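# A closer look at the structure
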Amino acid sequence: MWAGRFSGKPDKLMQEFSQSVSFDQRLWREDIQGSLAYAAELQRIGILSEQELADIRKGFEQITQEIESGKFEWKVELEDVHMNIESRLTELIGDAGKKLHTGRSRNDQVATDFHLWSLRRSTELRTAARSLIERLAERAGEHVDVVIPAYTHLQRAMPVRMAHQLDAYAHMLSRDWFHLDHLRYAWHNDECPLGSSACSGNSFPVEMAAFAEAMPEFGTFACNSMDAVSNRDFALDLVFACAKCMTHLSRIAEDLILWSTAEFGFVTLGDAVTTGSSIMPQKRNPDACELIRGKTGRVVGHLMALFTLLKGLPMTYNRDLQEDKEAVFDATDQTLACLRVMALVFSKENFKVNRERIQQQLDSGAGYMEAMNVADWLVLQGVPFRDGHDITGRLVKYVEQKGIRFADLTAEDLQAVDKRLKPELLKELSLEALVERKQVYAGTAKARVLERLAELKQWLKE
Ligand code: ARG
């Protein structure tokens, strides 16, 4: 492509070192689409004849078939996806292929292809996030009546409906959905760079708007050619969205790993998402969740890699930028896979809730979650909350020292701790009663949880 200026060939080692075709061939569809939009403009301004444009279109049709059927021969000596495709086009149609690059540079070409690919990827990610949210809404609907401990500091804190926790996951993931959705519009993230050429703009009177129109994922076109060829904010934003989504998934994974231990036993994860041990026949390991948790570090790492790549880069395009792709490819591949696997984990077959076991755990009285009932009840009797807190604290100490549960307390026990603890309190002590007191919006009372799930289902229908 640049043999004119050079008398020697690149060293074999250098060729291997600098090639990107082994990974950027993933951009072939976007590359052809951008080239078709570019060729149409070249024809409009008279650089290409109608016949040449028709030949280019035919050539790209054949290349598309060749790539789709796996027959296309990708050559390392042609460095990247752009040169591989252009060279094959010229092989197929001759001079018209050689005219295609008039006024264009690989700098605006790669920025366009990669940006377009990223926009499409964010749509795939949104679809996967939505499917997972759907699974969570289904499971939540089935487990509204299951009360579990909610933890703070990983100590039993308050009883909640399991549906409430599943809805919390759905809500976290819906932020990821909105975040990915916003990538398309926000922060001038939808400007098509094509036409910017190497860095200073096109020497030929092409219309930048025509390129953006030909690739409707772009909302508009770039307004500064120097920025356009070196901007990778869309990649940062996409990988940030992935890193955040993975962080959410890893937290969910961690809860499920805990919930499926013998100590908790709240859920049993199905065969399809767990594995056995090669030595311990009794084992059922939550590998799907562990891998999701593990891959999170890798995706967050890609975000750091991208920031570090872009930091201090002088204007405008620098070859460093070739290193942007693998980070984005892998970050999005992993996130997509994790969203899909997590949806599998939350399928009806794989997410099995052990209601009896949960009930046993609650009946053990460990953690004294009923205490909050007492403090609340005292407030309603006119006792200032801080005093109520103190009385309740003494009651917890009493229960602990006596080695009994809240459920075992008698009217005499209450009186022994404090005269203000009347016998009527006894019937207020259930965890269910505590759950039902959380009637405020966003609370875990049944009516509120059902309301939330209805809202969620409505959103999923939109
Ligand atoms: N493979 C290159 C990349 O991914 C394409 C752009 C090359 N531009 C250049 N001036 N060498 O960045």
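Presented here is an overview of the structure given in this document. Keep in mind that this is a model prediction, so the values were computed, not measured. (Residues numbered from 1 in each chain as written. Predicted model: local features only at pLDDT ≥ 70, side-chain atom pairs only at ≥ 80, totals over all residues. Heavy atoms only, no water.)

Attention shifts here to the packing of aromatic side chains. Ring pairs (aromatic) are described by centroid distance and by the angle formed between their planes. One pass over the full model with this rule turns up 14 aromatic pairs. With centroids separated by 4.5 Å and ring planes inclined at 55°, the aromatic side chains of Phe72 and Trp74 adopt a geometry described as tilted. By relative accessible area, Phe72 is classed as buried at 8%. Chaining the aromatic ring pairs together yields one cluster made of Phe114, Trp117, Phe234 and Phe329. Here the guanidinium or amino end of Arg126 rests over the ring plane of Trp177, the centre of that ring lying 5.7 Å away. (Phe/Tyr/Trp six-rings, centres within 6.5 Å; stacked < 30°, edge-to-face > 60°. Buried < 20%, exposed > 50% of the residue type's maximum accessible area, 1.4 Å probe, protein only. Lys NZ or Arg CZ within 6 Å of the ring centre and 35° of its normal.)

Next up on the list: the site of the ligand. Around the ligand lies a shell formed by Ser20, Asp24, Asp80, His82, Arg106, Asn107, Val110, Tyr317, Gln322 and Lys325. Side-chain polar atom of Gln322 to a nitrogen atom of the ligand: 2.8 Å apart, as the coordinates give it. Across the complex, the protein chains shield 86% of the 340 Å² of accessible surface that the ligand would expose by itself. Looking at the shell around the ligand element by element, the count peaks at three residues for helix α7 (residues 106-142). Across the shell around the ligand, the residue classes tally to two nonpolar, four polar and four charged. (Near = heavy atom within 4 Å. Polar contact = N/O pair within 3.5 Å; in protein donor to acceptor, adjacent residues only side chain to side chain. Areas by Shrake-Rupley, 256 points an atom, 1.4 Å probe, with all protein chains shown as cover. Helix = DSSP H or I, 4+ residues; strand = E, 2+ residues; numbered from the N terminus. Nonpolar A, V, L, I, M, F, W, Y, C, P; charged D, E, K, R; others polar.)

Another aspect to go through is the packing of helix α11 (residues 233-259) against helix α12 (residues 287-310). Across the interface, α11 lies against α12 with an axial gap of 8 Å and an inter-helix angle of 160°. What the angle tells us is that α11 and α12 run roughly antiparallel. Two packed elements cross with a definite hand, and for α11 against α12 that hand is left-handed. (Axes fitted to C-alpha atoms, helices over the stretch in contact; angles between N-to-C directions. Parallel < 35°, antiparallel > 145°, perpendicular 65-115°, else oblique. Left-handed = near helix turned anticlockwise from the far one by under 90°.)

The tally for this structure, following the rule as stated, stands at 38 salt bridges. The partner of Glu217 in a salt bridge is Arg120, with the nearest N and O atoms 2.8 Å apart. Within this pair, whereas Glu217 is found in the loop between α9 (208-214) and β4 (220-221), its partner Arg120 is found in helix α7, the two being separated by 97 residues in sequence. Taking the shortest distance from any N to any O, the salt bridge between Arg448 and Glu451 comes out at 2.9 Å. Within this pair, Arg448 and its partner Glu451 are both found in helix α19 (residues 446-461), separated by three residues, close to a single helical turn. Through salt bridges with shared partners, a single network forms among Arg135, Glu138, Arg139, Glu142 and Lys348. (Salt bridge = Lys/Arg side-chain N within 4 Å of Asp/Glu carboxyl O.)

Taking 1.5 Å of rise per residue, the 24 residues of α12 would be expected to cover 34 Å, and the 35 Å separating its terminal C-alpha atoms lies within 8% of that figure. All of the buried residues in α12 are Ala288, Cys289, Ile292, Thr296, Val299, His302, Leu303, Leu306, Leu309 and Leu310. (Expected span 1.5 Å × (residues − 1).)

Right, let's get into the state of the cysteines. In the structure shown here, the tally under the stated rule is zero disulfides. No disulfide involves Cys338; its sulfur sits 8.6 Å from that of Cys245, the nearest cysteine. The buried category is assigned to Cys338, whose relative accessible area is 2%. (Disulfide = S-S within 2.5 Å.)

A word on empty space enclosed by the protein. Taken as a whole and assessed by the stated rule, the structure comprises three cavities of 30 Å³ or more. By volume, the largest cavity is sized at about 70 Å³. Lining the largest cavity are His115, His188, Glu191, Pro193, Ala222, Asp227, Ala228, Asn231 and Phe234. Per-class residue counts for the lining of the largest cavity are four nonpolar, three polar and two charged. Size it by volume and the second largest cavity reaches roughly 40 Å³. Along its surface, the second largest cavity is lined by Ser118, Leu119, Ser122, Leu183, Asn189, Phe234 and Leu238. Where the lining of the second largest cavity is concerned, the elements lending two or more residues are α7 and α11. Tallying contributions element by element places α7 first for the lining of the second largest cavity, with three residues. (1 Å grid on protein atoms, 1.4 Å probe; cavity = no way out; pocket = protein on both sides within 12 Å on 5 of 7 lines; lining within 4 Å. Points joined across faces, edges and corners; volume = space filled by probe spheres on them.)

Attention now moves to the side chain of Arg126. Inspection of the secondary structure puts Arg126 in helix α7. Engagement of the side chain of Arg126 in a polar contact is seen with the side chain of Thr123, the distance being 3.1 Å.

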